[in-house]
Amino acid sequence: MKTEKKKIVARTVAGLLLCGVVLTNPEAAQIRAKKKTAASKSVSKTIKVGQRFRIKKGITGASFKSSNSVVASVDEKGVVTGKKKGGVKISVIRQGKKTKKYTVAVKKRARKPESLPVTFSEIALEKAEEGSAEGFPWQMDISNHAKKGTVKRIIYSYSVPVKIPMEVNPSEPANPSQQPGTAASGQAVSPGAADAGNAEQQYETVNREVTLTARDIKAGETAGAVCSGAEDGAIYPGFSQAKLTEIKLYTGKALYIYDAAEGSYQFKWGTKDKKAPVITGYVRKKSALGYNDILRVYYSDRKKQYNFTRFVKAEDDRDGRVKVKADTSKINWKKSGVYKLWFSASDRAGNKSRTWAKVRVYVPGTAESAADSILRSITRKNWSDEQKARAIYRYIRGHCSYISHTAHGHWRTSALHGLRYHSGDCYIFYAMSRLLLTRAGIPNIIVKRYPVPGGMTHYWNLTYVRGGWYHFDTTPRSRNANFCLWTDAQLWSYSTGYVFQFKRNIFPKRASKRL
């Protein structure tokens, strides 16, 4: 009985299939259709900042919308322009419904050289001649009118409507040794001549790309070139019917591309990038300043708070500014000492450079505890370095007095002594300033008076705020001047004598703008 039921069901399904009816789960089919449609209607595209592309031709009666016009915009013709690094979705809208999506990734544009030896406006096509014995459609001269600079290579691309012979009538086979559209001698002939020799010969018109290429045209010189891309049997019209589509100009290492359809220019590099970025700043010998004073001082309890790439930058000849990475793996944060901090930078071509800087690490002790207690009462976390420096200056000048003190130890020890007893000589004042500034994360180094008349030494700080180096001297003076973040000019105006003389050439350049 069961077997008969199965046969009946099978015959019924077969009949329905023959009638064009498909038995399936309508909801499942709808889901599959939606997935298929969604997959087929999403297109990915990558462009660079300043680069453009047109949404696929043939889309008519549609509008276009960008999900973020700051990253990439789209006009009413569907031309997308990259503006800023990021991702964006371009929607094609018909009758109020989104029919297609373009996922566009915008990347940074390659860096342009400051100047080009030759530009498009300095290149000219001259003396176009039609036809050549070799079968090329045209030949012409290309002149370089630049005052200096060689055209390494230039390529003009054209779209040309050409006639190509169709298949010959089988009733009148062609001579196998003779190419269609040519005479027995191999010379090109006109369509009329070809038709006269073979009444059944027919031609069809197709668009074909041909290129005009020239190399190594020096300034003020002219080079002859021919259009390549011709094929045997094809009949080319006059040069006036050729439509320019693109120009590629290789000049030096640069490659400029002109898109005739869009009327836009793109920049690329015409040679392989083999040069690594250059890392500059306070690195290697420059990481120890003045009297061999190490600029970067880090405390082990704050290693996660530091910006280790501060005072360092990397510049690539093609990519411009590139990211610098710091490697702290060679630092022993459990032991005070001097270590090497390594930096690396890579460009988009994969070229990598490395360098290092000396850094000093301290494990916090009693001096740092005393400094932290003071800083908590006189500064705020959201303050700038300048605000913190001025607060530190006011505290020291308001709480400490000057006394003659000749026993000098390590600056941390001397600083703790001064903060405990609220007094000291110029070295103690320098040390207190250094401890509080350094613990507040403000770079500073020691400055000594030079020359030293009669053994009268003097110490103060050079402090880095607002992108420049300023003098910071908390030692009291009889004239009660405020030497907080002063320029060289301000020091000289206070005293033209020996008071603030120092070895200016061994220190980093000081800021000239008054704060």
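Conventions and cut-offs
The written sequence of each chain sets the order in which its residues are numbered from 1. Given that this is a predicted model, residues contribute local features only at a pLDDT of at least 70 and side-chain atom pairs are listed and counted only at 80 or more, while totals for whole chains, interfaces and linings are drawn from all residues. The basis for every side-chain value is the complete set of heavy atoms in the structure, and neither hydrogens nor water enter the calculation. Labels follow the DSSP assignment, with helices taken as runs of H or I lasting at least four residues and strands as runs of E lasting at least two, numbered in each case from the N terminus. Whether a residue is buried, partly exposed or exposed follows from its accessible area with a 1.4 Å probe, protein chains only, as a fraction of its type maximum: under 20%, in between, or over 50%, in that order. Contacts between residues were defined by any pair of non-hydrogen atoms, one from each residue, lying within 4.5 Å. In short, Shrake-Rupley with a 1.4 Å probe defines the accessible areas, and a residue's cover is counted only from the protein chains shown. In this description, a line fitted to the C-alpha atoms serves as the axis of each element, helices being fitted only across the stretch in contact, and the angle between N-to-C directions of two axes falls anywhere from 0 to 180 degrees. An angle counts as roughly parallel when it lies under 35 degrees, as roughly antiparallel when it exceeds 145, as roughly perpendicular when it falls between 65 and 115, and as oblique in every other case. Less than a right angle of anticlockwise turn of the near helix away from the far helix marks a crossing as left-handed, whereas a clockwise turn marks it as right-handed. Residue classes follow a fixed rule: Ala, Val, Leu, Ile, Met, Phe, Trp, Tyr, Cys and Pro count as nonpolar, while Asp, Glu, Lys and Arg count as charged, and any other residue, Gly among them, counts as polar. In this scheme, strands are said to pair when DSSP sees at least two bridges between them. By definition here, a helix of n residues has an expected span of 1.5 Å times n minus one. Stacked, edge-to-face and tilted labels apply to pairs of Phe, Tyr and Trp rings (six-membered ring for Trp) whose centres lie within 6.5 Å, assigned for plane angles under 30 degrees, over 60, and everything in between, in that order. Counted as over-ring charges are cases with an Arg CZ or a Lys NZ within 6 Å of the ring centre that also lie within 35 degrees of the ring normal. Per-residue confidence from the predictor is reported as pLDDT, which spans 0 to 100.

**Q** Describe the overall build of the chain, and please don't skip the residues or the numbers.
**A** Of the regular secondary structure elements, the chain holds 8 helices and 30 strands. Taking all 515 residues of the chain together, 40% fall into the buried category. Of all intrachain contacts in the chain linking residues separated by at least 6 positions in sequence, the fraction that spans at least 24 positions is 60%. With an accessible surface of roughly 29,700 Å², the chain has 50% of that area assigned to carbon and sulfur atoms.

**Q** Go over the packing of helix H4 (residues 366-378) against helix H5 (residues 385-399) with me, naming the residues and quoting the values.
**A** Across the interface, H4 lies against H5 with an axial gap of 10 Å and an inter-helix angle of 110°. When the axes of H4 and H5 are compared, the pair comes out roughly perpendicular. H5 is crossed by H4, and the crossing has right-handed handedness. On H5, the residues touching Ile374, Leu375 and Ile378 of H4 are Ala391, Ile392 and Tyr395. Per-class residue counts for the contact of H4 with H5 are 6 nonpolar, no polar and no charged.

**Q** Describe in detail the pairing of strand E27 (residues 444-448), supporting the description with residues and values.
**A** Extensive coverage of E27 is indicated by the burial of 4 of its 5 residues. Where E27 lies against strand E28 (residues 459-465), 5 bridges are found, and the strand directions are antiparallel. Within E28, the residue paired with Ile445 across the bridge is Leu462.

**Q** Provide a residue-level description of the sheet that holds strand E24 (residues 352-362), including the pertinent values.
**A** Read from one edge of the open sheet, 4 strands run E19-E24-E23-E22, paired in mixed fashion. Pairing within the sheet leaves two strands with one partner each, and these edge strands are strand E19 (296-299) and strand E22 (324-327). Adjacent strand axes in the sheet meet at a mean angle of 40°, parallel and antiparallel pairs treated alike. Judged from the 4 bridges that link them, E22 and strand E23 (residues 337-346) form a sheet pairing that is antiparallel. Pairing of Asp327 across the sheet is with Trp342, part of E23.

**Q** Could you give an account of H5, with specific residues and numbers?
**A** Its 15 residues place the ends of H5 21 Å apart at the C-alpha level, agreeing with the 21 Å of an ideal helix rising 1.5 Å per residue. When we look at burial in H5, the residues that qualify are Glu386, Lys388, Ala389, Ala391, Ile392, Tyr393, Tyr395, Ile396 and Arg397. In this fold, the buried residues of H5 make contact with H4, helix H6 (411-421), helix H7 (426-439), E28, strand E29 (468-473) and strand E30 (483-486).

**Q** Let's hear about the packing of aromatic side chains: which residues, and what values?
**A** Under the definition given, this model contains 30 aromatic pairs. Note on Tyr494 and Phe500: the rings are 6.2 Å apart at their centroids and 65° apart in plane angle, and the pair reads as edge-to-face. Tyr494 sits in the buried class, given a relative accessible area of 13%. You can call Phe500 buried: its relative accessible area is 1%. In textbook terms, an aromatic cluster arises when at least three aromatic residues are bridged by ring pairs, as seen for Tyr291, Trp460, Phe483, Trp486, Trp492, Tyr494, Phe500, Phe502 and Phe507. The ring of Trp356 carries the charged tip of Lys340 above its face, separated from the ring centre by 4.1 Å.

**Q** Talk me through the confidence of the model for the chain; I want residue IDs and the actual numbers.
**A** Of the residues in the chain, 83% have a pLDDT of 70 or more, and the chain-wide mean is 83. Confidence over residues 1-40 falls short of pLDDT 50; this stretch has 6 contacts with residues more than four positions distant or in other chains. Long-range and interchain partners of residues 176-197, a stretch whose pLDDT sits below 50, account for 17 contacts in this model, where long-range means more than four residues apart.

**Q** Hey, could you go over the sheet that holds strand E5 (residues 79-82) for me, with residue numbers and the actual values?
**A** With antiparallel pairing, the 3 strands of this open sheet are ordered in space as E2-E5-E4. At either margin of the open sheet sits one strand with a lone partner, and together these are strand E2 (52-54) and strand E4 (72-74). Strand-to-strand twist of the sheet, defined as the mean angle between neighbouring strand axes without regard to direction, takes the value 20°. Inspection of the sheet shows E4 paired to E5 by 3 bridges, in the antiparallel sense. Along E5, the bridge assignment pairs Ser73 with Thr81.

**Q** Go over the packing of H4 against H7, please, and point to the residues and values.
**A** Between H4 and H7, the shortest axis-to-axis distance is 9 Å and the interhelical angle comes to 75°. Judged by the inter-axis angle, H4 sits roughly perpendicular to H7. Side by side, H4 and H7 meet where Ala367, Glu368, Ala371, Asp372, Ile374 and Leu375 of the first sit next to Leu435, Leu436 and Arg439 of the second.

**Q** Can you explain H7? Please cite residues and give values.
**A** With 14 residues, H7 should cover 20 Å at 1.5 Å per step; its first-to-last C-alpha distance of 20 Å lies within 8% of that length. Within two residues after H7, Gly441 carries a phi angle of roughly 85°, on the positive side.

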